[in-house]
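# Topology and contacts: notes
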Amino acid sequence: QKEVEQNSGPLSVPEGAIASLNCTYSDRGSQSFFWYRQYSGKSPELIMFIYSNGDKEDGRFTAQLNKASQYVSLLIRDSQPSDSATYLCAVTRGDSSYKLIFGSGTRLLVRP
Amino acid sequence: DTAVSQTPKYLVTQMGNDKSIKCEQNLGHDTMYWYKQDSKKFLKIMFSYNNKELIINETVPNRFSPKSPDKAHLNLHINSLELGDSAVYFCASSQARAVDEQFFGPGTRLTVL
């Protein structure tokens, strides 16, 4: 079992729709959870982080965390073609707050 | 005003050669990292230094050796390059802990022929 699992996609949504990206993790000791966006040929950039159960909203983005189910998700409202990218879920390992474990990413395609 | 920079951006070399990648950050961060991203986009931590001290050393071949001359620089030296080393290598930095945002460099695409 991979430590951080994501559906590779592509997830295709029409412009203006809500895109829902999901991630599960295996380490119950994980404390911090991150969503990074990576455009093709570019480096990852942080979209959001979340530490506590529940929802966290930032503009069009909402991160949701459920530690009991070991599940974290990212919702993108009013999706734009410029949101088309690979979204990487990352989780700190329970034994080390320095170590970020990344999922293999979900490719999102927003159709105009 | 580049925050995290890497050189070179592209590196094409023959099997068996030795090569180095350099990384510098001007953010005043304490912690720096090396990641490897393979062709399937899987981003994997290799090493991390905090204030010049090695704090993460994942299971990588000992042909890979990181060096941190000061907390703003983290270099990666690779001996006896193999075909499987072909990947994009990203340097990153963060303030004190991974719980903080990690800022990534532009990446170095290494191709071993």
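Up top is the structure.
Every chain's residues receive numbers from 1 upward, in the order its sequence appears when written. Key to labels: chains lettered from A, ligands numbered from 1, both in the order written. Owing to the predicted nature of the model, reporting of local features is limited to residues with pLDDT of at least 70; listing and counting of side-chain atom pairs is limited to 80 or more, with chain, interface and lining totals taken over all residues. Side-chain numbers come from the whole structure's heavy atoms, not from hydrogens or water.

### Here's the deal with the overall build of chain A
Each helix and strand counted, chain A has zero helices and eleven strands in total. Ordering the α and β elements of chain A from the N terminus gives β-β-β-β-β-β-β-β-β-β-β. The globule rule used for comparison is 2.2 Å times the number of residues to the exponent 0.38, while the radius of gyration itself is calculated over C-alpha atoms. For 112 residues, the compact-globule formula gives about 13 Å, and the C-alpha radius of gyration of chain A, at 13 Å, lands near that figure. With the C-alpha coordinates of chain A rotated into their principal frame, the extents come out at 45 × 30 × 20 Å. Considering only intrachain contacts with a sequence separation of at least 6, the fraction spanning at least 24 residues in chain A is 53%. We treat Lys and Arg as the positive residues and Asp and Glu as the negative residues; His and chain ends play no part in the count. For this purpose, a charge sits on NZ of Lys, CZ of Arg, CG of Asp or CD of Glu. Here chain A contributes 12 positively and 11 negatively charged side chains, and the mean placements of these two sets differ by 4 Å. Secondary structure is summarised from DSSP: a helix means a run of H or I of at least four residues, a strand means a run of E of at least two, and numbering begins at the N terminus for each. Contact criterion: two residues are considered in contact whenever any of their non-hydrogen atoms come within 4.5 Å of each other.

### A few points about the sheet that holds strand β8 (residues 73-78) of chain B
Residues and elements named next belong to chain B. The pairing criterion is simple: DSSP has to find at least two bridges between the two strands. One open sheet holds the four strands; their spatial order is β1-β3-β8-β7, and the pairing between them is antiparallel. Two strands close off the open sheet at either side, each with one partner strand: β1 (4-7) and β7 (64-70). Taking the axes of each pair of neighbouring strands and ignoring which way they run, one obtains an average angle of 20 degrees across the sheet. Strand direction decides the pairing type here: β7 and β8, joined by five bridges, are antiparallel. Bridging from a neighbouring strand, Pro66 pairs with Leu76 of β8. Comment: axis = line fitted to C-alpha atoms, over the contacting stretch for helices; angle = value between 0 and 180 degrees taken between N-to-C directions.

### Some remarks on the nonpolar core
All names here are of chain A. To define a nonpolar core, start from buried Ala, Val, Leu, Ile, Met, Phe, Trp, Tyr and Cys residues and group those joined through side-chain atoms within 4.5 Å. The buried label applies to any residue whose accessible area, calculated with a 1.4 Å probe on protein chains only, is under 20% of its type's maximum; exposed applies above 50%, and partly exposed to all values in between. Trp35, Val72, Leu74, Ile76 and Tyr87 are the most contacted members of the largest nonpolar core, which totals 24 residues. Within the residue set of this core, elements represented by two or more residues are β3 (19-25), β4 (33-38), β5 (45-50), β7 (61-66), β8 (71-76), β9 (85-93) and β11 (106-111). Sequence-distant contacts of Val72, defined by excluding residues within four places in its chain, comprise Leu21, Asn22, Cys23, Phe33, Trp35, Ile50, Gln64, Leu65 and Cys89.

### Points about the environment of Pro69 of chain B
Residues and elements named next belong to chain B. The topology assignment puts Pro69 in strand β7. A C-alpha to C-alpha distance of 6.9 Å links Pro69 and Lys52, two positions 17 residues apart in sequence. Setting aside residues no more than four positions away along its own chain, Pro69 makes contact with Lys52 and Asn75.

### Side note on the pairing of β3 of chain A
All names here are of chain A. Of the two faces of β3, only one is covered, namely that formed by Ala19, Leu21, Cys23 and Tyr25; the face formed by Ser20, Asn22 and Thr24 stays uncovered. Here strand β1 (residues 4-5) runs beside β3; their pairing, made up of two bridges, is antiparallel. What sits directly across from Val4, in β3, is Tyr25. In terms of strand pairing, β3 meets β8 through six bridges, oriented antiparallel. What sits directly across from Asn22, in β8, is Ser73.

### Describing the pattern of salt bridges
It is possible for side chains bearing opposite charge to pair when their charged atoms get close. For this analysis, a salt bridge means a side-chain nitrogen from Lys or Arg found within 4 Å of a carboxyl oxygen belonging to Asp or Glu. A complete count under the given rule lists eight salt bridges over all chains for this structure. A salt bridge links Asp83 of chain A to Arg60 of chain A; its shortest N-O distance comes to 2.9 Å. Here Asp83 of chain A is found in the loop between β8 and β9, whereas its partner Arg60 of chain A is found in the loop between β6 (54-58) and β7, with 23 residues between them in sequence. Glu82 of chain B serves as the salt-bridge partner of Arg63 of chain B, at 3.5 Å between the closest nitrogen and oxygen. On the criterion of sequence distance, the pair formed by Arg63 of chain B in the loop between β6 (53-57) and β7 and Glu82 of chain B in the loop between β8 and β9 (87-94) is long-range, its members being 19 residues apart. Through salt bridges with shared partners, one network takes in Arg63, Glu82 and Asp85 of chain B.

### Focus on the state of the cysteines
All names here are of chain A. Note on terminology: pairs of cysteine sulfur atoms within 2.5 Å are recorded as disulfides. The full count for this structure, using the stated rule, is two disulfides over all chains. Two residues share a disulfide in this structure: Cys23 and Cys89, whose sulfurs sit 2.1 Å from each other. On the S-S bond that ties Cys23 to Cys89, the torsion sits near -70 degrees, and the link is left-handed. Of this pair, Cys23 sits in strand β3 while Cys89 sits in strand β9, and the two are 66 residues apart along the sequence. As far as burial versus exposure is concerned, Cys23 and Cys89 are alike and both buried.

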